[in-house]
Amino acid sequence: MAIAVERFLEIKKELDAAGVLLVAVSKKKPIEDILALYKLGQRDFGENYVQELLEKQPLLPADIRWHFIGHLQRNKVKYIAGLCSLIQGVDSLALLDEINKQASKQHCVIDCLLQVHIAQEETKFGFDEAELAAVLSQIAERKNVRVLGLMGMASFTTQETSIRAEFRQLKSMANKFAHYFPINQTPIVSMGMSGDYSIALEEGSTLVRIGSLLFGAR
Ligand SMILES: *Cc1c(COP(=O)(O)O)cnc(C)c1O
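Now for a description of the structure that goes with this document.

## Topic: a nonpolar patch on the surface
Together, Val 5, Leu 9 and Leu 40 make up a nonpolar patch on the protein surface, roughly 210 Å² of accessible area in all. Structurally, the position occupied by Leu 9 is in helix α1 (residues 5-18). By relative accessible area, which is 39% here, Leu 9 ends up partly exposed.

And the structure:
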């Protein structure tokens, strides 16, 4: 399966113009496809599974910035702690504590996003607004993690109005809680995937996670 070169260049141009970071989601895709995008200049890649990331990372260029975008189990943090540029989808205080602990052991600071539950489905992970406020009020004590913003996934639906409303809600939480994030940069709002990234851009996304549009169906 070849990567969609023309589409990548188009999307990249659109995102660059908007100042939005493209994370190419490469889960279940072979290293040849990742390398092909790398050769076109792509540096940020997203993976969902610890084992898969551990297998691929040593075979690929060292300047790739890996984003962990899947559900991360606490007992696996130690394997990827030194290797990720951004751990998105932190969905419990216990997980944040474990990341902080592993980062402290490795004498580094790990950048993270907190995942907010904006979709209607029960199955998607993340905090509600009250839980988010509670966690944010405690992050300053965790010196080895840096929470740069929020991540969310919209409902799996073709209803544009509900997707838009969910993205809007995430953006407004990022603004509301902006004082908890580093003051010298706008909070990261990671929202938008292959099917809904255009709506996400209109609603103020600063980072999109796009897989199948670039790499083909999984
Ligand atoms: C798989 C995945 C994506 C990419 O999905 P596509 O529809 O292929 O663009 C984005 N975000 C998360 C959290 C994912 O798990």
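Once you've had a look at it, read on.
## Quick notes on the environment of Ser 104
Checked against the element boundaries, Ser 104 lands in helix α5 (residues 93-105). Residues Ser 104 and Thr 161, 57 residues apart in the sequence, show an inter-C-alpha distance of 43 Å.

## Topic: the nonpolar core
Of all hydrophobic cores here, the largest spans 60 residues; its most connected members are Ile 87, Leu 96, Ile 99, Leu 114, Leu 132, Leu 150 and Leu 214. Those residues in contact with Leu 132 that lie beyond four places of it in its chain are Leu 114, Val 116, Phe 127, Leu 150, Met 173 and Phe 177. In this structure, Val 23, Leu 113, Ile 188 and Leu 207 belong to the second largest nonpolar core, which totals seven residues.

## Some points on helix α6 (residues 129-136)
Buried within α6 are the following residues: Leu 132, Val 135 and Leu 136. Along the axis of α6, the buried residues cluster in a sector spanning 95°; they form a single face. For α6, the elements touching its buried residues are α5, β5 (110-116), β6 (145-152) and α7 (160-176). Near the N-terminus of α6, the side chain that reaches the backbone nitrogen of Ala 130, with its oxygen 3.2 Å away, is that of Asp 128.

## Concerning unusual backbone geometry
Positive phi, close to 65°, is recorded for Lys 28, a residue that is not glycine. Of note, Lys 28 is situated in the loop between β1 (21-25) and α2 (31-39). At His 107, a position not held by glycine, the phi torsion is positive, near 55°. By secondary structure assignment, the location of His 107 is in the loop between α5 and β5. By relative accessible area, which is 73% here, His 107 ends up exposed.

## Some thoughts on the site of the ligand
The environment of the ligand is formed by 13 residues, the closest being Lys 27, Asn 48, Ser 194, Ser 212 and Arg 218. Taking Lys 27, its side chain carries an N or O atom lying 2.8 Å from an oxygen atom of the ligand. In the environment of the ligand, an oxygen atom lies 2.8 Å from a nitrogen or oxygen atom belonging to the backbone of Gly 211. Starting from 390 Å² of accessible surface for the ligand in isolation, the protein chains cover 91%.

Rules used throughout
- Residues numbered from 1 in each chain as written.
- Predicted model: local features only at pLDDT ≥ 70, side-chain atom pairs only at ≥ 80, totals over all residues.
- Heavy atoms only, no water.
- Patch = residues over 30% accessible without salt bridge, like charges linked within 9 Å, V, L, I, M, F, W, Y side chains within 5 Å.
- Areas by Shrake-Rupley, 256 points an atom, 1.4 Å probe, with all protein chains shown as cover.
- Salt bridge = Lys/Arg side-chain N within 4 Å of Asp/Glu carboxyl O.
- Helix = DSSP H or I, 4+ residues; strand = E, 2+ residues; numbered from the N terminus.
- Buried < 20%, exposed > 50% of the residue type's maximum accessible area, 1.4 Å probe, protein only.
- Core = buried A, V, L, I, M, F, W, Y, C linked by side-chain atoms within 4.5 Å.
- Contact = heavy atoms within 4.5 Å.
- Arc of directions from axis to C-beta.
- Polar contact = N/O pair within 3.5 Å; in protein donor to acceptor, adjacent residues only side chain to side chain.
- Near = heavy atom within 4 Å.

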